[in-house]
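# Working through the structure, step by step
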Amino acid sequence: MSAPDSPAATARDLLALVGGEANVTSIANCISRLRLGLADRSLVRDAAVREHPKVLGVVDDETYQIVLGPGAVGRVTEEFTRLVEAEREERAEDPGRPAPDGAAALAERGAAIRAENKRRNATPVKLFLRRIANIFVPLIPALIACGILAGVNGLLANFGWLPAAQPALAALASGFMSLIAVFVGMNAAKEFGGTPILGGAVAAIIPFAGVADVQAFGVELSPGQGGVLGALAAAVLCARVERWVRRWVPETLDILVTPTIAVLVSGLVTVYGLMYLAGELSEAIGVAANWLLAQAGGFAGFILGGLFLPLVMLGLHQALIPIHTTLIGLDGHTVLLPILAMAGAGQVGAALAVYVRLKNNAGVRNTIRSALPAGLLGVGEPLIYGVTLPLGRPFITACAGGAVGGGVVGLLGQLGTTVGSTAIGPSGWALFPLLQGSQGLGPAIAVYGAGLLTGYVAGFALTYFFGFGRGALTELNAPAAERPETAGAPV
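Residue positions are counted from 1 within each chain, in the order its sequence is given. Local features in this predicted model are restricted to residues whose pLDDT is 70 or higher, and side-chain atom pairs enter the listing and the counts only when it is 80 or higher, whereas totals over whole chains, interfaces and linings include all residues. In computing side-chain values, all of the structure's heavy atoms are included and hydrogens and water are not.

Let us look at the overall build of the protein. A helix here means a DSSP run of H or I that spans at least four residues, while a strand means a run of E at least two residues long, and both kinds are numbered starting from the N terminus. Helix and strand content of the protein: 19 helices and eight strands. Buried positions account for 46% of the 491 residues belonging to the protein. The contact criterion used is simple: two residues touch if any of their non-hydrogen atoms lie within 4.5 Å. Nonlocal contacts in the protein, meaning residues at least 24 apart in sequence, comprise 71% of its contacts between residues at least 6 apart. For the protein, the accessible area works out to roughly 22,800 Å², and carbon and sulfur atoms hold 66% of it. Classification of residues uses two cut-offs on accessible area relative to the type maximum, computed with a 1.4 Å probe and protein chains only: under 20% is buried, over 50% is exposed, and between them is partly exposed. For the area figures, the Shrake-Rupley method with a 1.4 Å probe applies, and any residue is considered shielded solely by the protein chains shown.

Dropping the structure here:
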């Protein structure tokens, strides 16, 4: 029997609260959320899910997303999946067993609900961002690992330590990045309905050394030109060509003709068009980012740091992943991520101010204690959905704190000390091992640390003094029995 606070117990509780295994159509997780596809949303006991001691928040999108925090989410997802699979095996062995929690009616009611949810969420922007996330998010663990190894190798080189190990570490850190176009191509082809290996085959043209012998638009190509943007375009084109060809080719010839034509057509377009065009676009992105920080770093940092929390809340931050990856491919680091990370600093400061101000609200204070470690490591969803957003005004002051921190990092970059990250994924304190800067590692750490400290202080001060109206503060600090049911409840 599992302990009451174990991942297995949490998974068992959540499975019962979302309507049982028959109501679960898909299971996935990201860095902090358990994402469930549900056949019938009405079977979910939403209030009970939100009140579960291990749940930091809930996001109801196309999938039902339960915020559990980093570390915990992976363990709970594993146990949740195991429970669902075990119950489905039992049902397969005993088909006559009655379905739990009204699940017998799912086939009829669930289809209508799924269709409505799909229609509601099928806006062009949401579909585009969801596809971008599906392509790039699976690559983030490797980007983090290779970025940290690159940082460690840089430290060894700077101090002259372990010179014999440095070439091996450089290979470990750079191998994935040298072939990232292939992985992007495979994921993109899969996402757009093609064969992943064909998408990878076409994208592999981009890092291939032999493209240096090819001229396009009167210019010799260079290996890697176009980067992940070129790989993305090439793989999407390959998937479209493959699907079109398959409609016309007899089944007996499909295995020979379809992949050959798909690779040939999309490959030639890639070599004689997409690599050049994507390369120009990538260069423009790099030039624009560097120009922005050099000419208007303080203002740009203020705007970016202030807007990032709303982007995370809406899921729009996924659109920045290709830009980060492009900048890493061009310069070895992305100068945008350290600025955007200041949003998390503002949120941490705001949460600390809420903790101090709401001395009598045990529910909110417990949520902050649970979510704060994740917030310090740059995972903002637990604090967003569990603390600042439900309270309203503290979310705005958290954004303002992030804006101030971002303005400091941007201003220092404008004055000549830029700081970037060699990988995407973590932020907060977890970003320190990935830092790289124009003046070396020491100044980069100092600039980023100054931004974090400023974000913490600004988020705390703004929330402490302006985060609550007089009536709201009195209401939220009232004894639990006198407090309105939803006041300060984690969302």
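We now examine the packing of helix H11 (residues 251-314) against helix H16 (residues 381-391). Think of two packed helices as two axes; the pair is described by the angle between the axes and how far apart they sit. Every axis in this analysis is a line fitted to C-alpha atoms, fitted for helices over the stretch in contact. Angles between the N-to-C directions lie between 0 and 180 degrees. Between H11 and H16, the least distance of the axes is 10 Å, while the angle of their chain directions is 100°. Overall, the two elements H11 and H16 adopt an arrangement that is roughly perpendicular. Together, Leu309, Val312 and Met313 of H11 and Glu381, Ile384, Tyr385 and Leu389 of H16 make up the contact between the two elements. Grouping the constituent residues of the contact of H11 with H16 by class yields six nonpolar, no polar and one charged. Just so you know how the angles are binned, under 35 degrees is roughly parallel, over 145 roughly antiparallel, 65 to 115 roughly perpendicular, and the rest oblique. Residues are grouped as follows: Ala, Val, Leu, Ile, Met, Phe, Trp, Tyr, Cys and Pro are nonpolar; Asp, Glu, Lys and Arg are charged; every other residue, Gly included, is polar.

With that settled, consider empty space enclosed by the protein. A 1.4 Å probe that fits but cannot get out identifies a cavity on a 1 Å grid over protein atoms alone, an open set with protein on both sides within 12 Å along at least five of seven lines counts as a pocket, and a residue lines either if it has an atom within 4 Å of a point. Grid points are joined across faces, edges and corners, and a volume is the space filled by probe spheres set on the points. Summed over all chains, the structure comprises one cavity of 30 Å³ or more. Its boundaries defined by the atoms lining it, the largest cavity holds a volume of some 40 Å³. Lining the largest cavity are Leu293, Val335, Ile339, Val409, Gly410, Gly413, Thr417, Thr418 and Val419. Per-element tally for the lining of the largest cavity: the top contributor is helix H17 (residues 393-414), with three residues.

This paragraph deals with the pattern of salt bridges. By convention in these notes, a salt bridge is any Lys or Arg side-chain nitrogen within 4 Å of a carboxyl oxygen on Asp or Glu. Scanning all chains against the criterion turns up seven salt bridges. For aspartate 46, the salt bridge identified is with arginine 50, shortest N-O distance 2.6 Å. With aspartate 46 and arginine 50 both in helix H2 (residues 46-51) and four residues apart, this pair spans about one turn of that helix. When the shortest N-O distance is used, the salt bridge between arginine 82 and glutamate 79 registers 2.9 Å. Placement of both arginine 82 and glutamate 79 in helix H3 (residues 72-93) is noted, with a separation of three residues, approximately one turn of the helix. Overall, the relative accessible area of 46% leaves arginine 82 in the partly exposed class. Residues joined by salt bridges that share partners form a network here, namely Arg41, Asp46 and Arg50.

Each α-helix winds once per 3.6 residues, and so residues spaced three or four apart point in a common direction. Helix span, expected: 1.5 Å multiplied by one less than the number of residues in the helix. Spanning twelve residues, helix H8 (residues 180-191) covers 16 Å between terminal C-alpha atoms, matching the ideal 16 Å at 1.5 Å per step. Within the sequence span of H8, burial applies to Ile180, Ala181, Val182, Val184, Gly185, Ala188 and Ala189. Looking at the buried positions of H8, the neighbouring elements they touch are helix H5 (124-136), helix H6 (140-159), helix H7 (166-178), helix H9 (196-203), helix H10 (227-246) and helix H12 (321-331). After H8 finishes, the residue glycine 193 shows a positive phi value of roughly 85°.

The next point concerns the pairing of strand E4 (residues 64-67). Both faces of E4 are covered, namely the face carrying Tyr64 and Ile66 and the face carrying Gln65 and Val67. Here, strands pair whenever DSSP counts at least two bridges between them. Relative to E4, strand E3 (residues 57-60) runs antiparallel, the two being bridged by four bridges. Paired with aspartate 60 across the bridge in E4 is tyrosine 64. Hairpin connection of E3 to E4: three residues between the antiparallel strands.

Between two aromatic rings, the relevant description is the distance of the centres plus the angle of the planes. Ring geometry is summarised as follows: Phe, Tyr and Trp rings, the Trp one being its six-membered ring, pair when their centres sit within 6.5 Å, and such pairs are stacked at plane angles under 30 degrees, edge-to-face over 60 and tilted between the two. If you walk through the whole model with that rule in mind, you get six aromatic pairs. Plain terms: the ring middles of tryptophan 244 and tryptophan 248 are 6.3 Å apart, the flat faces sit at 50° to each other, and that makes the pair tilted. Note on tryptophan 244: relative accessible area 48%, which makes it partly exposed. Aromatic side chains phenylalanine 460 and tyrosine 464 sit 5.8 Å apart centroid to centroid with 15° between the ring planes, which places their arrangement in the stacked category. Taken together, the residues span about one helical turn, with phenylalanine 460 and tyrosine 464 both in helix H18 (residues 441-466) at a distance of four residues.

Relative to the helices and strands, threonine 270 is located in helix H11. Among the polar contacts made by the side chain of threonine 270, one reaches the main-chain carbonyl oxygen of serine 266 at a distance of 2.7 Å. Here threonine 270 is in contact with Val202, Ile206, Ala234 and Met275, once residues within four sequence places are set aside. Whenever two N or O atoms come within 3.5 Å, that pair is a polar contact, provided that in protein one can donate a hydrogen and the other can accept it, and provided that, for residues adjacent in sequence, both atoms are side-chain atoms.

Let us look at the side chain of glutamine 65. Here glutamine 65 shows up in strand E4. Within the local environment of glutamine 65, its side chain forms a polar contact with the side chain of arginine 33, the two groups lying 2.4 Å apart. Once residues within four sequence positions are removed from consideration, glutamine 65 is found in contact with Arg33, Leu34, Arg35, Gly57, Val58 and Val59.

Note on terminology: a nonpolar core comprises buried Ala, Val, Leu, Ile, Met, Phe, Trp, Tyr and Cys residues joined through side-chain atoms within 4.5 Å. Core analysis: the largest hydrophobic core is formed by 92 residues, its most contacted members being Phe136, Val184, Val354, Leu358 and Tyr448. Of all the elements, H10 adds the most residues to this core, at ten residues. Ignoring anything within four residues of it in the chain, the contact list for leucine 358 reads Val364, Arg365, Leu391, Phe468, Leu473, Leu476 and Asn477. The next biggest cluster of nonpolar side chains, apart from the first, holds 21 residues, and it includes Leu14, Leu15, Leu17 and Leu38.

Within the patch definition used here, like charges are joined within 9 Å and nonpolar side chains (Val, Leu, Ile, Met, Phe, Trp, Tyr) within 5 Å, considering only residues with over 30% relative accessible area and no salt bridge. Together, Ile261, Leu264, Val265, Leu268, Val269 and Tyr272 line one region of the surface with nonpolar side chains, adding up to about 510 Å² of accessible area. Following the sequence through the fold, valine 265 ends up in helix H11.

The values are spatial; any link to function lies outside them.
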